[in-house]
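Architecture and fold: a report
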Amino acid sequence: MSELSGTLQYFKGLEGVAVTESSISYVDGVRGKLLYRGFDVEDLVEHSTFEEVAYLLWYGHLPSEGELCELREKLMKFRKLPEEYLKILKTFPLDVHPMDFLRASVSLLGLFSTPDECGENTRMDCAIRLTAQLPMLVTIFHRRRMGKELNLDVSEKLGHAANFLYMLRGKPPESMEETIMDKALILHAEQEMNASTFAAVVTASTLSDMYSAVTSAIGTLKGPIHGGANEKVVEMLEEIGDPEEAEGYVERCLAEGRRIMGFGHRIYKTYDPRARILKKWAETLVNIRGGRAKRHFEIAMKLEKAVTERLGNKGIYPNVDFYSGIVYECLGIPKDLFTTIFAVARVVGWTAHVIEYNETNRIFRPRAIYKGPMNLNYKIEKSKR
Ligand code: CMC
């Protein structure tokens, strides 16, 4: 036994371990509540805009008219990407997953950022800059791979969410589409110390830069049991194919010990409040738009019933990723872009936490409980080979 195993406590996946103090968001996993800076996210979705919520998350208070105006101007200004950068970006392959493209392109963008733009004294501007840039990168990737014209001259009249949809699809969004994208971005903007935020904060705790922190976070978000789940949910709905098959699918998954995507959460042991809101929009949208998404919604409803009947007693309910994909499908967004939309929103939470953590920074340096051999003799072991 190593001397450490007796003194160290080990919590797999850091369950139940707090790694910092924070005043950015609060998750009540028992009552199914999420607060951003003290405000119920349901209230913010109802009354606020993404820009206003981003301001709130970064600065800790709701913006005045002037402060909001200044933020909007910065978001507009910071969308412009350096010409040299765009030239290199053109050489990136397009037959890759959009999250891989996004991760690599944010990392590359770090090479072009100067200390004036993203130094120790300009970290808030750097957070705003990255928030402005991420939708551009997703758009550039998607329009190029579709062989479509790239319109990077964004409209000053449109908000952040509307501009994103406009650039991505090449036509101005309808008012309902704009509203729904705006609300979806609010819902995905922040969620306490989730895996990708933790990754960002761990990177930042070494006093590394914001581009490195966000690159780490994007790579972490991509995983199918984190942000990548929204794409996997729609793949699963396609595989099930028929609402009548949903129950059998759940039985098979449970028998084979497989996870049902879009269900379960480390903190929420009840219905995820974000899933409840997204379900309502999904239902409204599929009834208007019909098509494949309507079929997916019908399957999802049956799946939800079967999973909650079987696993509700374990606290397993739909999470944020279960209905979001159906909402995006109704907006005409291909499923491999779903996780990039998550990143476009969550960059606010990542950067807010990085800034907050750095204020009282201490490098993350946990331990591992050593389980390997000790005191091996090199010559003896080598002679056995
Ligand atoms: N389907 C079936 N069983 C499940 C599921 C699921 N989706 N999620 C958890 N369980 C079971 C699990 O088998 C375990 O059972 P037992 O105690 O009998 O071994 C129990 O619930 C606890 O699971 P866990 O793996 O210890 O839970 P965790 O907190 O480590 O994992 C999770 C949380 C989200 C990774 C997991 O629920 C999961 O893999 N869900 C499916 C993927 C998914 O939808 N991810 C999106 C998460 S929400 C948004 C985000 O973070 O991006």
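Summary of the structure given here.

The rules we used
- Residues numbered from 1 in each chain as written.
- Predicted model: local features only at pLDDT ≥ 70, side-chain atom pairs only at ≥ 80, totals over all residues.
- Heavy atoms only, no water.
- Helix = DSSP H or I, 4+ residues; strand = E, 2+ residues; numbered from the N terminus.
- Buried < 20%, exposed > 50% of the residue type's maximum accessible area, 1.4 Å probe, protein only.
- Near = heavy atom within 4 Å.
- Polar contact = N/O pair within 3.5 Å; in protein donor to acceptor, adjacent residues only side chain to side chain.
- Areas by Shrake-Rupley, 256 points an atom, 1.4 Å probe, with all protein chains shown as cover.
- Nonpolar A, V, L, I, M, F, W, Y, C, P; charged D, E, K, R; others polar.
- Axes fitted to C-alpha atoms, helices over the stretch in contact; angles between N-to-C directions.
- Parallel < 35°, antiparallel > 145°, perpendicular 65-115°, else oblique.
- Left-handed = near helix turned anticlockwise from the far one by under 90°.
- Contact = heavy atoms within 4.5 Å.

Note on placement: Asp116 falls in helix H6 (residues 115–118). Owing to a relative accessible area of 67%, Asp116 belongs among the exposed residues under this scheme. Linking Asp116 and Cys126, residues 10 residues apart in sequence, is a C-alpha distance of 9.6 Å.

Among the 19 residues in the neighbourhood of the ligand, the closest are listed as His226, Arg259, Ile260, Arg266 and Lys314. In the model, a nitrogen atom of the ligand is placed 2.8 Å from a nitrogen or oxygen of the Ile260 main chain. One nitrogen or oxygen atom from the main chain of Gly262 is found 2.8 Å from an oxygen atom belonging to the ligand. Relative to its unbound accessible surface of 940 Å², the ligand loses 70% to contact with the protein. In terms of residue class, the shell around the ligand is built from 9 nonpolar, 6 polar and 4 charged.

Turning our eyes to something else, we now look at the packing of helix H9 (residues 175–188) against helix H16 (residues 320–330). The angle between the axes and the distance between the axes are what describe a pair of packed helices. For the pair H9 and H16, interaxial distance at closest approach is 12 Å and the crossing angle is 160°. One way to sum up the angle between H9 and H16 is to call them roughly antiparallel. The way H9 lies across H16 gives a crossing that is left-handed. When H9 is examined against H16, the residues Ile180, Ala184 and His188 are found in contact with a partner set consisting of Val320, Ser324, Val327 and Tyr328. Looking at the contact of H9 with H16 residue by residue, the class counts come to 5 nonpolar, 2 polar and no charged.

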